[in-house]
Amino acid sequence: MAKQEDQFKKVISHAKEYGYIFGSSEIYDGLSAVYDYGQNGVELKKNIREYWWKSMVQMHQNIVGLDAAILMHPATWKASGHVDAFSDPLIDNKDSKKRYRADVLVEDYREKINQKIEKDITKAKKRFGDAFNENEFRSTNPNVLRRQKEIDKITLELTRVQEENDLAGFKQLIEDLGIVCPISGSKNWTDVRQFNLMFGTKLGASAETATDLYLRPETAQGIFVNFLNVQKTGRMKIPFGIAQTGKAFRNEIVARQFIFRMREFEQMEMQFFVRPGEEMKWYDYWKETRLKWHKSLGLGEDNYRFHDHEKLAHYANAATDIEFNFPFGFKELEGIHSRTDFDLKAHEEHSGKKLQFFDPELNENYVPYVVETSIGLDRMFLAVLSKSLQDEELENGTSRVVLKLPAILAPVKVAIFPLVKKDGLPEIARNIVDDLKFDFNVMYDEKDAVGKRYRRQDAAGTPFCITVDHDTIETQTVTIRYRDSMMQERISIKDIKGIIEQQVSFKNWMFS
Ligand code: GAP
C-alpha cells in the first residue's frame, strides 16, 4: 500500500515538473479539485481525445459527432432525473469535521476484506506453485469463504439502503461495520444526508428576471435533446450513434485523488440508439469493443476488469464499469450503460415533442433504446500517466526516470538534437525540424550533453530522439534513439518521417 502511495505521489509531482498538470489558480493557493493542463498535458489530452474520436466516429459509418452547449434549458435536468435524483449520500465525522460519501466508506471497508482474500490467494499460489487451482481454493478455503460471505452480506445491505434511499439504514450499516474516520479514528458520525451534485448558475441581467440554470453534470443530455435533429439531417438509420466530448461539472463531496475525481472534468460519451429488445446484444458489443480500445494502448491487459453494477441508476437496465488498476487500486475508468428508452421518453413527456424513429423494416414508430459508453478524459489521462511513469534500473548500474507513454499519445513525437552547437550541425537539425513539423509535434534541443538531453526527453515522454553529428554532413544519415529500448540506429534523413509515421499510426495501434 505504501509503495502504491509513493508511486501516486511521484505521478503527481512528475505531472507538475514536466508541464502536464498544474493546480488551478495556484498563485492564489489553488481551487480544490480543479486542475489546469500545461504545455505537455494539453497535447496528451488532445491525443487521447483524438484516439477515442477516431475509433468511435471515423471507424464507424453509423456514428456521428456533436458539440452541444454546456448550458441547457433547465427543464432538461428535470426530465433527466438529475434535479430529483443526482445526489450522493454524505456523512460527517463530528470530531475531525471531515465529510465523506457514505457509500464510499462502506465500499472501501468491503474492499479491505477483498484485499485480504487476494493476499491469501497470492500466498497459496506461492505455496502450491503450478498445482494451484484458484477456483477450488476460493470455493473451499474456510477463511476465503467466511470473508466472501461477509462481502456478500455488506453488498446486499448497501444495495438495499441505496435503492430504498434508507438514510437511517445507511448510518446503521456504517455503525454496524464499526467504520472509523480515517483522520480522527472515531465513530462519532452525523446522520446521512443526500447532497445534489449539480452546480447552479444564473442566466439574465437582473436578479429578479434571471433564470436558474445548471452547468451540465454529463454531456449525454445534449445528445438526447438533439436526437431528432441529427437523425433527420444525417438521415441516420437505427442502429446509429452520436458521440460527443466536452466539459461536465459536479460539485463532488469528496474530491480527492488528484484528477481522478474533479469538480470540472471532460467526458467522452457515445449514445447508441437501437431497436427495443436488441439492447443487450449491443450492450455486449460495446463492452467488448471498449475493452479492446483500452487494451490496444498496451498499458497491461491485467490492469482492466469489468465490474457489473448491483445498484442500477434510475435510467438503466444493465450497467458495468471498466475498472483500471490505478495507483490506489482498481477503480472505475469508464461506464457502459443500457439506458433503455428512459431519457428520450422523459424528454418527450417534458417537451411535448415526439422523439421517435420510423423503422421502415418493421413499418412502425418507436422510441429507441440506448446503449451508452461514457469515459472521463481526465481519468483516462491519469490511467495513461500513472502506468507510463517508471523508475528503471539500467544494466550499467544507473537508473532513469522514463515516461513510457504510448507513442501515439505522446505530446512530442520526436526531439531533434545537433551533437554540438557548431560546424553547421544546428542548421541541419533545424532543417529536419522544419521538414517534420508539418506531420508531427517536434522539439529542437541543443542544450547540455546528448546523454542529458536523452534523459530529459525520457522523462517528458518523447518516444524518439534524432541526433545530427559530423557524419551527417557527408552521409545524410542521423542516429535515431528509441525511448523504451534505448536502442540506437543509423538511418537516412529521408527515412525519418516514414519510420515515425509507422510508429504512431492509428491503424497500427488500434488494429494490430
Ligand atoms: N452519462 C453517464 C455518466 O455520466 P458516470 O458514471 O457518472 O456516467 C462517466 O460518468 C465517466 O465520467 C466515469 O466513468 C468517469 O470516468 C468520469 N467521471 C465521472 N465523474 C467524474 C469526476 N468527478 N471527475 C473526473 N471524471 C469523472
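Since this is a predicted model, take the numbers as computed values, not measurements.

S.K.: What am I meant to see in the sheet that holds strand E23 (residues 488-492) here?
M.R.: Backbone hydrogen bonds are what pair the strands of a sheet, in a parallel or an antiparallel way. Pairing in this open sheet of 5 strands is mixed, and the strands run E20-E19-E21-E22-E23 from one edge to the other. In this open sheet, the two edge strands, each paired with only one partner strand, are strand E20 (442-444) and E23. Here the strands of the sheet are splayed against their neighbours by 25° on average, with no regard to which way each runs. Bridge count for strand E22 (residues 477-482) against E23 is 5 bridges, and the pairing is antiparallel.

S.K.: Would you take a moment to explain the pairing of strand E16 (residues 369-376) for this structure?
M.R.: Across a regular strand the side chains alternate sides, sitting on one face of the sheet and then on the other. Burial runs high along E16: 8 of the 8 residues are buried. Both faces of E16 are covered, namely the face carrying Tyr 369, Val 371, Thr 373 and Ile 375 and the face carrying Val 370, Glu 372, Ser 374 and Gly 376. Across 8 bridges, strand E10 (residues 264-274) lies against E16 in antiparallel orientation. In the strand pairing of E16, Met 268 is matched with Ile 375.

S.K.: I'm lost on the sheet that holds strand E3 (residues 63-65) in this one. Help?
M.R.: With respect to topology, 7 strands assemble into an open sheet ordered E3-E9-E10-E16-E13-E12-E11, the strand pairing being mixed. Unpaired on one side and paired on the other, E3 and strand E11 (304-308) mark the two borders of the sheet. Averaged over all pairs of adjacent strands, the angle between their axes in this sheet comes to 25°, without regard to strand direction. Where E3 meets strand E9 (residues 240-249), 3 bridges bridge the pair, whose relative direction is parallel. Bridge assignment links Ile 63 to a residue of E9, and that residue is Gly 241. Against the sheet, helix H11 (residues 279-295) contacts E3, E10, E11, strand E12 (318-326), strand E13 (329-340) and E16, and its axis sits at roughly 150° relative to E13.

Rules used in this analysis
Residues numbered from 1 in each chain as written. Predicted model: local features only at pLDDT ≥ 70, side-chain atom pairs only at ≥ 80, totals over all residues. Heavy atoms only, no water. Pairing = 2+ DSSP bridges. Helix = DSSP H or I, 4+ residues; strand = E, 2+ residues; numbered from the N terminus. Axes fitted to C-alpha atoms, helices over the stretch in contact; angles between N-to-C directions. Buried < 20%, exposed > 50% of the residue type's maximum accessible area, 1.4 Å probe, protein only. Contact = heavy atoms within 4.5 Å.

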